[in-house]
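Okay, here's what each chain looks like letter by letter:
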Amino acid sequence: MAVREVAGLPTPTSTAPIWLKEPSATLQGHRTTADLPALADVVVVGTGITGSFAARFLKARQKPGTSLVVLDAREACWGATGRNGGHCQPFLYTAAASPGVAEFELATFAYLESLVKANDIPCDWTSLSGVHTFLAQDLFDLAAAAVDNLERSRPDLAALVRIVRPPSDTDAAGTGTGTGTGTGKETLASLRIPHAAGAIVQKHAATLWPYKLVAWVLEQLLAQFPPAEFNLQTNTPVTFLQQRRHQDESNSSHPWLLTTPRGTIAARQVLLATNAYTSHLLPAFADLIVPVRGQVAALVPPPAAARGESDDPIALGHSYVIMDHASSSARDDYLAQRPVDVDVDFIFGGGRPSQRGQGVGVWNDDELEEPVARYLRTNLSPPLDLTPHDTRVASHQLDEDGVPPLDATYEWTGIMGFSRDHHAWVGRVPASLGGGSDDSDQGGLWLCAGYSGHGMPVAALAARAVAEQMTMTTTTTTTTTTTEEDVRAVVEDTKLPAEMALTADRVRRVRESCETVLEADQRGWAAHFPELLLAAGHLDPAGKGSSVSVPV
C-alpha cells in the first residue's frame, strides 16, 4: 500500500453485523425529500455517531429556519458505528501522558450514559467494569508503571482504576491493588483470566447496541424538525467536494459544492464526519487518517450447564481488552457480551495480525478474511476461562490447531480511521489541506474524524465541540427538551483537548515527528500502544521512538 493512498468510497454492499439485523423502519432507504436539495446552510456528510450527534448539537444551536442536510453513501449508520464491538470505555490508566484526553473521554462516557438513562433510549446500555488483560509480563509492567505515575500526577483519575496482579505478586492471593474504586477483591481467576500476567480494571465501561443509539438520535431529529430544517438523504454518496473559486453575488453565500450521483448541493458550511473515508474528499489527509479494516464475530458462549450449575449461559460481567505481543506483531483484541437476557453472544473483535497487511489501507467492508475468522473463533479461550468449554468438546470438533472453536452467529468487517498521532482531528480544515479561507467568519469546511478504533468514548462530545465552533456560540438558540437539560450539566465545562484540535501547526508537527500509520504498523508492537509507553515514561512525546529500552 502506498503511504499516501487516497481512500475510496464505502462499498455498495457489505458484510452483515449483528447490529444491523434490526434496522430502523424509519431510516431504511430514508430520503426526507424525493429530490436532493440544491442549497443548504449546512451539510453533514456521514451518519455514524459523529454525524448524528453533530446534527443534534447543531440543531440545538441553529436559529429557526436554518437548513441542515445530512448525507450518507449507504443506509444510515451503515459504517464503522454500525460495525464496531458494541462497547464504550474511556482509556484512563494512561492518563498521565494526556490527562485532558482522559477527562474528555470520561465526560463523553458520562454524557452518553446520562442521555440514554434520561431518555430511556432502547440501545441495551449496560454499565460495567472494563478489564484490560495483559498476557505479556513486559506489557503488564508498563501498565502498572503507568498507573503508578498516574497516582502521583492525577490521583483523582488513578482512583478509577485498579491493578490486579498474580497471586505471587501480592500479599492477598492476587487481589486488586491501587487507589481504585473497585472492591479490591478482584483476582485474575475471578476475572476469568487466571493465566494473564496481570490486569488493569477500570470502573467506567459499558456495552450497548450502537446502531440503535444513533437511530434514536436521527429519528428524534426527523420527528422534531420540518424537512426545510432537517433533511436526511441516505444512499447518496458524495463523490467530489470543491469550493467555488470564482464567486459572484448569486453563489457567494454557498461556496461549497458537493457532487453526488443524484445531483449537486451547494452549502455554506460542510462538516465531514467521514472517519476512514476522509481522504476520498480531502486527499491531503491521506497520510493523517488512514483506513484500517477490522473484523468482528458474534460468538455463542458455552453453556454453564455443563458445569452442573444451571441451564444459563456464561455471563462475564465485564468487557475486556486483551493485549499481547509476539516479535513483530501485536495482539489488541476486545470483547463485550450482549445482555444475557437478550442475545448472550460474545462480541469479539481483533486478530489484525492475521489479516493481509494487518488491514492497513483497506477501506472495503464487503468481505471476510478466513484466517481472521478462524482466529476469532479459536483465540478467546484461552486466555479467557470459559470452563467447561474445553472439556465438553469432543476431539473431532477441535480445529487444526487443537483448539475448540466457538460457533459464530454473525461475522463482519468494518473500517476504522487511524490517526497518524492517535488523536482525532476536530475543527476547521485549514486552506493548506483543502479547506476554505482561514478567516473568522462562520463559513468553511469542518472535520471531525480519525478515532483510531476508539470512537465511542470520544465522538459524541467531539461532535459537540465542532458544532460549537461552526455556530460560534456556546449557548443554544432553540428550545431543548427537559431530558436534554438533565444531562447538560455533565458536559457544560468540557472542552476539546488540545491534542484533538485541527490546526496547521499540529499537521506540521505530526508530519515532522510521527511515523506514518503504515510505518508504525510495520515497526511492531510498541507502535500499537503509544499511550501506554508514554504514560510509563518509555516513549519520547514526539512519538518517534523510546527514551529507554522497550521490550521487542
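Residues numbered from 1 in each chain as written. Predicted model: local features only at pLDDT ≥ 70, side-chain atom pairs only at ≥ 80, totals over all residues. Heavy atoms only, no water.

With that settled, consider the pattern of salt bridges. Under the counting rule described, the total for this entry stands at 21 salt bridges. For Arg-377, the salt bridge identified is with Glu-411, shortest N-O distance 2.8 Å. One end of the pair, Arg-377, is in helix α7 (residues 370–378); the other, Glu-411, is in strand β16 (residues 408–419), with 34 residues separating them in the sequence. Since its relative accessible area comes to 23%, Glu-411 is described here as partly exposed. In this structure, a network of salt bridges that share partners links the residues Arg-293, Arg-356, Glu-367 and Glu-369. (Salt bridge = Lys/Arg side-chain N within 4 Å of Asp/Glu carboxyl O. Helix = DSSP H or I, 4+ residues; strand = E, 2+ residues; numbered from the N terminus. Buried < 20%, exposed > 50% of the residue type's maximum accessible area, 1.4 Å probe, protein only.)

Here we take up the environment of Thr-66. Along the polypeptide, Thr-66 turns up in the loop between α1 (49–61) and β2 (68–71). Residue Thr-66 is classed as buried on the basis of its relative accessible area of 16%. Taking the C-alpha atoms as reference, Thr-66 lies 6.3 Å from Asp-41; in sequence the two are 25 residues apart. Leave out the neighbours within four places in its chain, and Thr-66 touches Asp-41, Lys-59, Ala-228 and Glu-229. Here Lys-63 takes part through its backbone oxygen, which lies 2.8 Å from a polar atom of the side chain of Thr-66. (Contact = heavy atoms within 4.5 Å. Polar contact = N/O pair within 3.5 Å; in protein donor to acceptor, adjacent residues only side chain to side chain.)

Looking now at the side chain of Asp-72. Relative to the helices and strands, Asp-72 resides in the loop between β2 and β3 (87–88). When residues no more than four places from it in sequence are discounted, the contact partners of Asp-72 are Gly-46, Thr-47, Cys-77, Gln-233, Thr-234, Asn-235, Thr-236 and Pro-237.

A few words now on the packing of α1 against helix α5 (residues 210–224). Between α1 and α5, whose axes approach to 9 Å, the crossing angle comes to 35 degrees. The two elements α1 and α5 cross, and the hand of that crossing is left-handed. Only Leu-213, Val-214, Trp-216, Val-217, Leu-218 and Leu-221 of α5 make contact with α1, whose side of the interface consists of Ile-49, Ser-52, Phe-53, Ala-55, Arg-56 and Lys-59. Residues of the contact of α1 with α5, tallied by class, amount to nine nonpolar, one polar and two charged. (Axes fitted to C-alpha atoms, helices over the stretch in contact; angles between N-to-C directions. Left-handed = near helix turned anticlockwise from the far one by under 90°. Nonpolar A, V, L, I, M, F, W, Y, C, P; charged D, E, K, R; others polar.)

Turning to helix α11 (residues 504–513), a few remarks are in order. Of the residues making up α11, those classed as buried are Arg-506, Val-507 and Val-510. All buried residues of α11 project into a common sector of 100 degrees when viewed along the axis, lining one side. Buried residues along α11 sit in contact with β16 and β17 (425–428). (Arc of directions from axis to C-beta.)

In strand β5 (residues 161–164), alternate side chains face the same way, and those of Val-161 and Ile-163 on one face and Arg-162 and Val-164 on the other are all buried. Here β5 pairs with strand β7 (residues 198–207) via four bridges, running antiparallel. Directly across from Arg-162, in β7, lies its bridge partner Val-201. (Pairing = 2+ DSSP bridges.)

This part is about the packing of aromatic side chains. In total, this model carries ten aromatic pairs according to the counting rule given. Centroid distance Phe-91 to Tyr-93: 5.0 Å. Interplanar angle 65 degrees. Geometry classified as edge-to-face. Taking the relative accessible area as the measure of exposure, Phe-91 reaches 21% and is therefore partly exposed. Every member of this aromatic cluster is reached through a ring pair, and the members are Phe-91, Tyr-93, Phe-134 and Phe-140. Over the ring of Phe-225 we find Lys-59, and its NZ or CZ is 5.0 Å from the ring centre. The ring of Trp-209 is capped by Lys-212, whose NZ or CZ atom sits 3.9 Å from the centre of that ring. (Phe/Tyr/Trp six-rings, centres within 6.5 Å; stacked < 30°, edge-to-face > 60°. Lys NZ or Arg CZ within 6 Å of the ring centre and 35° of its normal.)

Two faces belong to every sheet, and in a regular strand the side chains alternate between them. The side-chain alternation of strand β9 (residues 240–243) yields one buried face, formed by Leu-241 and Gln-243, and one unburied face, formed by Phe-240 and Gln-242. Pairing between β9 and strand β10 (residues 256–260): four bridges, direction antiparallel. Paired with Gln-242 across the bridge in β10 is Leu-257.

A word on helix α2 (residues 99–119). The first and last C-alpha atoms of α2 sit 30 Å apart over 21 residues, in line with the 30 Å expected at 1.5 Å per residue. Asp-120 occupies a position one or two residues after α2 and carries a positive phi of about 50 degrees. (Expected span 1.5 Å × (residues − 1).)

Within the element layout of this structure, Thr-274 appears in the loop between β11 (263–272) and α6 (278–281). A relative accessible area of 13% means that Thr-274 is categorised as buried. Sequence-distant contacts of Thr-274, defined by excluding residues within four places in its chain, comprise Val-45 and Leu-447.

What follows is about the packing of α1 against helix α9 (residues 459–471). Contact geometry for α1 and α9: axes closest at 8 Å, N-to-C directions at 40 degrees. With respect to each other, α1 and α9 are oriented oblique. Of the two elements, α1 crosses α9, and the hand of that crossing is right-handed. Facing Ile-49, Thr-50, Phe-53, Ala-54, Phe-57, Leu-58 and Arg-61 of α1, the residues of α9 in contact are Ala-459, Ala-460, Ala-463, Arg-464, Ala-467, Glu-468, Met-470 and Thr-471. For the contact of α1 with α9, a count of residues per class yields ten nonpolar, two polar and three charged. (Parallel < 35°, antiparallel > 145°, perpendicular 65-115°, else oblique.)

Before going further, it helps to examine the environment of Val-214. Positionally, Val-214 belongs in helix α5. For Val-214, a relative accessible area of 1% corresponds to the buried category. In this structure the C-alpha to C-alpha distance between Val-214 and Cys-123, which are 91 residues apart in sequence, comes to 9.1 Å. Excluding residues that lie within four positions of it along the chain, Val-214 makes contacts with Thr-47, Gly-48, Ile-49, Ser-52, Cys-77 and Thr-81.

This part covers the environment of Gln-295. With respect to the helices and strands, Gln-295 occurs in strand β12 (residues 289–299). Judged by its relative accessible area of 1%, Gln-295 is buried. Note: C-alpha distance between Gln-295 and Phe-348 (53 residues apart in sequence) is 8.7 Å. The residues touching Gln-295, leaving out its near neighbours within four places in the chain, are Phe-348, Gly-349, Gly-350, Leu-368, Glu-369, Val-372, Ala-373, Leu-376, Trp-412 and Thr-413. Polar contacts involving the side chain of Gln-295 include one to the main-chain amide nitrogen of Glu-369, which spans 3.1 Å.

What follows concerns unusual backbone geometry. Following Ser-381, the chain continues into Pro-382 via a peptide bond in cis, with omega recorded as -10 degrees. Its location among the elements puts Pro-382 in the loop between α7 and α8 (389–392). Cis geometry marks the peptide bond from Pro-382 to Pro-383; its omega dihedral reads 15 degrees. Residue Asn-275 is not a glycine yet carries a positive backbone phi of 40 degrees. Counting through the fold element by element, Asn-275 comes out in the loop between β11 and α6. One non-glycine residue, Ser-452, adopts positive backbone phi at about 55 degrees. For Ser-452, the position within the fold is in the loop between β18 (444–449) and α9.

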